[in-house]
Amino acid sequence: MSFNAIRELRNNNEYKAGDLLVIFGELFNRGYANGLVNAAKAKGMKVITGTVGRRDSDGTLRPLNSDELAEKTEDVINIPLEAGFDIEPGPAGKSAVDMISGLKMSQWQEAQIDWNEVEAAQKTAIERFRKQTTAFLTELKDKYINENTNVLFAHTMAGGFPRSKIIMTVANRVFKGSGKRYGSSEEFWNSELGKLCNKNFNEVSGETLSHLIELSADTRKYIESHGNRATYTAYGYHGTEILIDDKFTWQSYAPYLQGWAKVRLEEIANEAHSKNINACVFNVPEILTNSSSIFLGVEVPLYKLMQAIQKIKGDDAFNAIKEKCNSLLKEEFTIEDVLAKLDSYFVNSNITHLLDWEKGWPQHNDADQMLFMRTLSSEIIDMHKDKKELMTAELSELCYNSCGIAMLDESWSPRNGTTWVGHDLVARLM
Ligand SMILES: NC(=O)c1ccc[n+]([C@@H]2O[C@H](COP(=O)([O-])OP(=O)(O)OC[C@H]3O[C@@H](n4cnc5c(N)ncnc54)[C@H](O)[C@@H]3O)[C@@H](O)[C@H]2O)c1
């Protein structure tokens, strides 16, 4: 994989009022897709979203009910698009989660999984997802697409942690643990539980894009046969360029165990792109959303956006964001304190290996790096007056809005199947 980032917009997109932005996934507050929604609405486009659906207490997957629908701001095609197979029973009646349900923490490495059963359940789950996607696309075509519509599909799906207590307990150590509570991501990844995560992440965060592109072939042909355009974007993560020592430098978060599924997502988009389908994965910066809060520490590079803003936009823009962020900190701290901590963080040998593209990606954690990352993450969070009002909210919104503008523009005729949006472009487009 070679690194290429968008440095400026092409400004050649011809999306117009009445065109469609179709969120293939559910739209949540704070989520990345809100940026695309804002960019599309600024053009007068109509936004349609999907839903992951909900599980009833007996496990049945169902569409949103009327209360849940009433909370949504956009039109929803109410067909559950949950992917993954973690709670899907195999032919003998047990799901992967059932197979590991009795395990205590001391036994997590002894998990025994019947992979034949799990693979059969996986097939059933894939069939269900494809059936649901087909129904979703049929409703989309029948209700919303006409002879004049350009359609931008935005894949947002990521996740797939098996819904099992033992996995969440071990994962908490791997992603959040340090010192005595440190958990090695490599050890976890090579275990039976890790293998299960890997397979399920791949289904949810990777293969779903492939199903979408394949199953929407007829819709795409219909759109194109009327001289319109069908385009596909997906959100990836594969590190971000941030300002370090006055230079935009690639770095990445570890342990991003979903990274292997994100690499698969890139392969799917690259293959489609090579077949002249307008598809592109956008590797976007670390922000805090409902989905990323398990990866505590992932927000550390986000604070550096303030320095990128100063470099690209100048002091007035920097002072404006600094003032907003300062107002969230306790009296005794300033943004300068935060930025000074970050400057020494990114040149520390516990972290510098995560700035080395040549080392390959994704990388596993190590005990020193986790302690160092988690310590800084907590220190900065503790500097706030109120832990529910963090400057990451402000900075995340800047990121997702700029990414939305960039993605809308680039999607029209993407230069590559995979691309990056760094802090430089986020600052430029804010
Ligand atoms: N938050 C970050 O720092 C960050 C960074 C780079 C890329 N991304 C990517 O952005 C995209 C949106 O994530 P977000 O962080 O905005 O969070 P989010 O919670 O707003 O979005 C997560 C999406 O995944 C879908 N989803 C979750 N589980 C699913 C399942 N089992 N089957 C099908 N769909 C499922 C949800 O419906 C939702 O659309 C994801 O692809 C994510 O990996 C996030």
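One structure accompanies this document, and this report is about it. (Residues numbered from 1 in each chain as written. Predicted model: local features only at pLDDT ≥ 70, side-chain atom pairs only at ≥ 80, totals over all residues. Heavy atoms only, no water.)

1. Side note on the overall build of the protein
Thinking step 1. Each helix and strand counted, the protein has 16 helices and 11 strands in total.
Thinking step 2. By the compact-globule yardstick of 22 Å for 430 residues, the protein fits well, its C-alpha radius of gyration being 22 Å.
Thinking step 3. Judged by the C-alpha coordinates and their principal axes, the protein covers about 60 × 55 × 45 Å.
Thinking step 4. Classification of the 430 residues of the protein by burial places 56% in the buried group.
Thinking step 5. The contacts in the protein between residues at least 6 apart in sequence include a share of 81% that link residues at least 24 apart.
Thinking step 6. Carbon together with sulfur atoms contributes 47% to the accessible area of the protein, which is approximately 18,100 Å² in total.
Thinking step 7. The positive charge centre, built from 48 side chains, and the negative charge centre, built from 60, are 1 Å apart in the protein. (Helix = DSSP H or I, 4+ residues; strand = E, 2+ residues; numbered from the N terminus. Rg over C-alpha atoms; globule rule 2.2 N^0.38 Å. Buried < 20%, exposed > 50% of the residue type's maximum accessible area, 1.4 Å probe, protein only. Contact = heavy atoms within 4.5 Å. Areas by Shrake-Rupley, 256 points an atom, 1.4 Å probe, with all protein chains shown as cover. Lys, Arg positive; Asp, Glu negative; His and termini not counted. Charge placed at Lys NZ, Arg CZ, Asp CG, Glu CD.)

2. What about the site of the ligand?
Thinking step 1. Around the ligand, 25 residues are found, and the nearest of them are Glu26, Tyr32, Thr156, Thr289 and Ser291.
Thinking step 2. Interatomic distance of 2.8 Å between a backbone N/O atom of Ile287 and an oxygen atom of the ligand.
Thinking step 3. One of the side-chain nitrogen or oxygen atoms of Thr289 is found 2.6 Å away from an oxygen atom of the ligand.
Thinking step 4. Relative to its free-state accessible area of 810 Å², the ligand is covered by the protein chains to the extent of 90%.
Thinking step 5. Looking at the shell around the ligand residue by residue, the class counts come to 14 nonpolar, seven polar and four charged. (Near = heavy atom within 4 Å. Polar contact = N/O pair within 3.5 Å; in protein donor to acceptor, adjacent residues only side chain to side chain. Nonpolar A, V, L, I, M, F, W, Y, C, P; charged D, E, K, R; others polar.)

3. Some thoughts on the nonpolar core
Thinking step 1. Residues Leu21, Met306 and Met391 are the most contacted members of the largest nonpolar core, which totals 101 residues.
Thinking step 2. Ranked by the residues each element gives to this core, the list is headed by helix H15 (residues 391-411), at nine residues.
Thinking step 3. Apart from the residues within four sequence positions on either side, Met306 is in contact with Phe318, Ile321, Cys325, Ile335, Leu339, Met391 and Leu395.
Thinking step 4. By size, the runner-up hydrophobic cluster in this structure holds 32 residues, among which are Phe24, Phe136, Leu209 and Ala234. (Core = buried A, V, L, I, M, F, W, Y, C linked by side-chain atoms within 4.5 Å.)

4. Overview of the pattern of salt bridges
Thinking step 1. Tallied over the full model, the rule gives 29 salt bridges.
Thinking step 2. Across the salt bridge formed by Glu88 and Arg128, the nearest N and O atoms sit 2.5 Å from each other. Remark: Arg128 occurs in helix H4 (residues 115-144) and Glu88 occurs in the loop between strand E5 (75-80) and helix H3 (96-99); sequence separation between them is 40 residues.
Thinking step 3. Through salt bridges with shared partners, one network takes in Arg55, Glu82, Asp86 and Arg163. (Salt bridge = Lys/Arg side-chain N within 4 Å of Asp/Glu carboxyl O.)

5. Comments concerning the pairing of strand E8 (residues 240-244)
Thinking step 1. The buried fraction of E8 is high, at five of five residues.
Thinking step 2. Of the two faces of E8, the one holding Thr240, Ile242 and Ile244 and the one holding Glu241 and Leu243 are both buried throughout.
Thinking step 3. Across five bridges, the pairing between E8 and strand E9 (residues 247-251) is antiparallel. Paired with Thr240 across the two strands is Gln251, which belongs to E9.
Thinking step 4. Linking two consecutive strands that pair antiparallel, namely E8 and E9, is a turn of two residues; a positive phi of about 55° is found at Asp245 within it. (Pairing = 2+ DSSP bridges.)

6. Section: the packing of helix H12 (residues 315-326) against helix H13 (residues 335-345)
Thinking step 1. Where H12 meets H13, the axes come as close as 9 Å, and the angle between the chain directions of the two elements is 100°. The angle between H12 and H13 places the two elements in the roughly perpendicular class. Contacts from Phe318, Lys322, Cys325 and Asn326 of H12 reach H13 at Ile335, Glu336 and Leu339.
Thinking step 2. Here the residues of the contact of H12 with H13 are counted per class, giving four nonpolar, one polar and two charged. (Axes fitted to C-alpha atoms, helices over the stretch in contact; angles between N-to-C directions. Parallel < 35°, antiparallel > 145°, perpendicular 65-115°, else oblique.)

7. Here we look at the packing of helix H1 (residues 33-42) against H15
Thinking step 1. At a closest axis distance of 7 Å, the pairing of H1 and H15 adopts a crossing angle of 60°. The angle between H1 and H15 places the two elements in the oblique class. In this structure, the crossing between H1 and H15 has a hand that is right-handed. The segment H1 lies against H15, with Asn34, Gly35, Leu36, Asn38, Ala39 and Ala40 engaging Tyr400, Asn401, Gly404, Ile405, Met407 and Leu408. (Left-handed = near helix turned anticlockwise from the far one by under 90°.)

8. Looking at H4
Thinking step 1. Over its 30 residues, H4 extends 42 Å from the first C-alpha to the last, a length consistent with the 44 Å expected when each residue adds 1.5 Å.
Thinking step 2. Where H4 begins, the side chain of Asp114 points an oxygen toward the backbone nitrogen of Asn116, at a separation of 3.1 Å. (Expected span 1.5 Å × (residues − 1).)

9. Digging into unusual backbone geometry
Thinking step 1. A cis geometry characterises the amide bond from Ala254 onward to Pro255, with omega recorded as 5°.
Thinking step 2. Here Trp361 and Pro362 are connected by a cis peptide whose omega angle stands at -5°.
Thinking step 3. Here Pro362 is to be found in the loop between H13 and helix H14 (367-382).
Thinking step 4. Here the phi dihedral of Asp245 falls at roughly 55°; this positive angle occurs in a residue that is not glycine.
Thinking step 5. Note that Asp245 resides in the loop between E8 and E9.
Thinking step 6. Positive phi is not limited to glycine here, since Asp246 has a value of about 65°.
Thinking step 7. Using a relative accessible area of 52% as the deciding quantity, one classes Asp246 as exposed.

10. Focus: the pairing of strand E2 (residues 46-51)
Thinking step 1. Buried residues dominate E2, accounting for five of its six residues.
Thinking step 2. The pairing of strand E1 (residues 20-24) with E2 spans four bridges and is parallel. Across the sheet, residue Ile23 finds its bridge partner in E2, namely Thr49.
Thinking step 3. Each parallel crossover has a hand, and the one from E1 via H1 to E2 is right-handed.
Thinking step 4. Where E2 meets E5, three bridges bridge the pair, whose relative direction is parallel. Considered in E5, the bridge of Thr51 is made with Pro80. (Right-handed = clockwise from strand over helix to strand, strands pointing away.)

11. Side note on the packing of aromatic side chains
Thinking step 1. In this structure the tally under the stated criterion is 22 aromatic pairs.
Thinking step 2. A centroid spacing of 5.7 Å and a plane angle of 75° characterise the contact between Phe3 and Trp357, whose relative ring orientation is edge-to-face. Remark: Trp357 occurs in the loop between H13 and H14 and Phe3 occurs in the segment before E1; sequence separation between them is 354 residues.
Thinking step 3. Residue classification places Trp357 among the partly exposed positions, given a relative accessible area of 25%.
Thinking step 4. A ring pair is formed by Trp250 and Trp357, whose centres lie 5.1 Å apart and whose planes are at 85°; its orientation type is edge-to-face. Taken together, the positions of Trp250 in strand E9 and Trp357 in the loop between H13 and H14 put the pair 107 residues apart, joining distant regions of the chain. (Phe/Tyr/Trp six-rings, centres within 6.5 Å; stacked < 30°, edge-to-face > 60°.)

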